[in-house]
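So you can see what is in the structure, the chains are spelled out below.
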Amino acid sequence: MKMKKYNAPSIAEAMKLIRADLGDDAVILNSKVVVDKKFFGLVKKKSFEVVAGIDKVEAKPVFPPLQDLQSLKPIMQATAPTIAKETEQVTVKKTLIEDDSIATNELKKEIADLKSIMQSLHRQSIQSKYPDELLRFIDYLKQQELNEELITQISDELFVHIEHIDAVYFDDLQAAAKRILERQLRDVEIGGVSYERKYINVLGPTGVGKTTTIAKMAARAVLEKKKRVGFITTDTYRIAAIEQLKTYAGLLQVPIEIVYSAEDYKAAIEKFAHLDLVFIDTAGRNYKEAKYITDLQRLINFGEDVQTFLVLSLTSKEQDLDLIIKQFNQIHVEKFIFTKLDETNSIGTMFNLMIKYKKGLAYYTNGQEVPEDIEEPSLEKLFELFFQGELT
């Protein structure tokens, strides 16, 4: 390794010198503050001494062919100390800078980037040793759009698991991944409408199929559970939505009330006092704007005798769904309902959001037919959907 010492008035200046001299691949080996005293100690000048180094020959590690999984152990043992040492150097450097309170925003970003690079190299070093079967399985998880954090956790645990078996099969990997996901979902409730509570609020942005989903749930309650059902709609912004719900009410021969104000809502609730279940269709709005959530809270009761479901489309981008869910944080949403399963080839988003927000799943829908195209899930059903594809 080529090593060199640099002196500069600031860490930022030292970093510029090192980068110009040794390049972006240089590693900080040591740094300290140096104080020069002049004029009998009356004048003190502070500078920074930084020792940096770089390997003279850049070469990627070459690993022997994977004859069996046991051969991976000495490779990992050999590379782990180097990675650990480099990571420790980054940590020491970061601590020194923070303690001296001299870090600038630019320098903090450089440190964060360097740490990220080291972690990425560490990850690549481990993943380069995965057997082909595990790599294909990881690719499958990515195709299903499971998030990176979950994939990393699953792949690391699977790697330890398969070290002790002679042959690796998709079924083995699938079973182990299920166990890991089950742990993540152990505190999440899976299942549909609870018939012990009367009012069912169904929320969600425009275009997710909310009204059709309500009709499917209501049809099942009427046809399968023999419940007395009514509809309340607050979606007075779209005439088509009102007419659609009126059509379903007519087919099911159940009453419907259209409300425009809190007084209308209260009157509708009193009118439906004799019913078993009341499904409340809320306006499909752009819920990126918080004022619509406030309007909803003024209009609708979210009390004890209420179940609240948030309807989300699986064809939407996950970052958009994240924003919608965060906007609804002011309201106690019990479970998600995911729609348009038939329009996507991946369902990792369901797992990602349930685990991230600790919210259960009431239903998923897979078509427009009422009441057929809706499923009340179980974990086993979700896993069947998730693993129904094939490794490529």
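Just above sits the structure.
Keep in mind the model is a prediction, meaning the values are calculated, not measured.

*Asks:* Could you give an account of the pattern of salt bridges, naming the residues involved and the relevant values?
*Replies:* Counted by the stated rule, this structure contains eleven salt bridges. As a salt-bridge pair, Arg197 and Glu334 come within 2.5 Å of each other at their nearest N and O atoms. Placement of the pair is Arg197 in the loop between helix H6 (170-184) and strand S4 (199-203) and Glu334 in the loop between helix H11 (318-327) and strand S9 (335-339), with a sequence separation of 137 residues. A salt bridge links Lys246 to Glu243, with the shortest nitrogen-to-oxygen separation between them at 4.0 Å. Residue Lys246 and its partner Glu243 are both found in helix H8 (residues 239-252); the two are separated by three residues, about one turn of the helix. Residue Glu243 is classed as partly exposed on the basis of its relative accessible area of 41%.

*Asks:* Any chance you could break down the packing of aromatic side chains for me, citing the residues and the numbers?
*Replies:* If you walk through the whole model with that rule in mind, you get eight aromatic pairs. Taking 4.9 Å as the distance between ring centres and 90° as the angle between the ring planes, the aromatic pair formed by Phe386 and Phe387 counts as edge-to-face. Using a relative accessible area of 6% as the deciding quantity, one classes Phe387 as buried. Through a chain of ring-to-ring contacts, three or more aromatic side chains come together here, namely Phe137, Tyr140, Phe351, Phe383, Phe386 and Phe387.

*Asks:* I'd like to hear about the sheet that holds strand S11 (residues 374-375), residue by residue, with values.
*Replies:* Overall, mixed pairing links the eight strands, which are arranged S6-S5-S7-S4-S8-S9-S10-S11 in an open sheet. Every other strand in the sheet has two partners, leaving strand S6 (256-258) and S11 as the edge strands with one partner each. Pairing of S4 with strand S8 (residues 306-313) involves five bridges; the strand directions are parallel. In the strand pairing of S8, Tyr199 is matched with Val306.

*Asks:* Which residues make up the pairing of strand S7 (residues 277-281), and what values go with them?
*Replies:* Most of S7 sits inside the fold, with five of its five residues counted as buried. Side-chain alternation along S7 places Leu277, Phe279 and Asp281 on one buried face and Val278 and Ile280 on a second face that is also buried. Two strands pair when backbone bridges link them, and S4 and S7 are joined in this way by four bridges, in the parallel orientation. In the sheet register, Ile200 faces S7, and the bridge partner there is Phe279. Note that strand S5 (residues 229-233) and S7 share five bridges and pair parallel. What sits directly across from Thr233, in S7, is Asp281.

Cut-offs applied
Residues numbered from 1 in each chain as written. Predicted model: local features only at pLDDT ≥ 70, side-chain atom pairs only at ≥ 80, totals over all residues. Heavy atoms only, no water. Salt bridge = Lys/Arg side-chain N within 4 Å of Asp/Glu carboxyl O. Helix = DSSP H or I, 4+ residues; strand = E, 2+ residues; numbered from the N terminus. Buried < 20%, exposed > 50% of the residue type's maximum accessible area, 1.4 Å probe, protein only. Phe/Tyr/Trp six-rings, centres within 6.5 Å; stacked < 30°, edge-to-face > 60°. Pairing = 2+ DSSP bridges.

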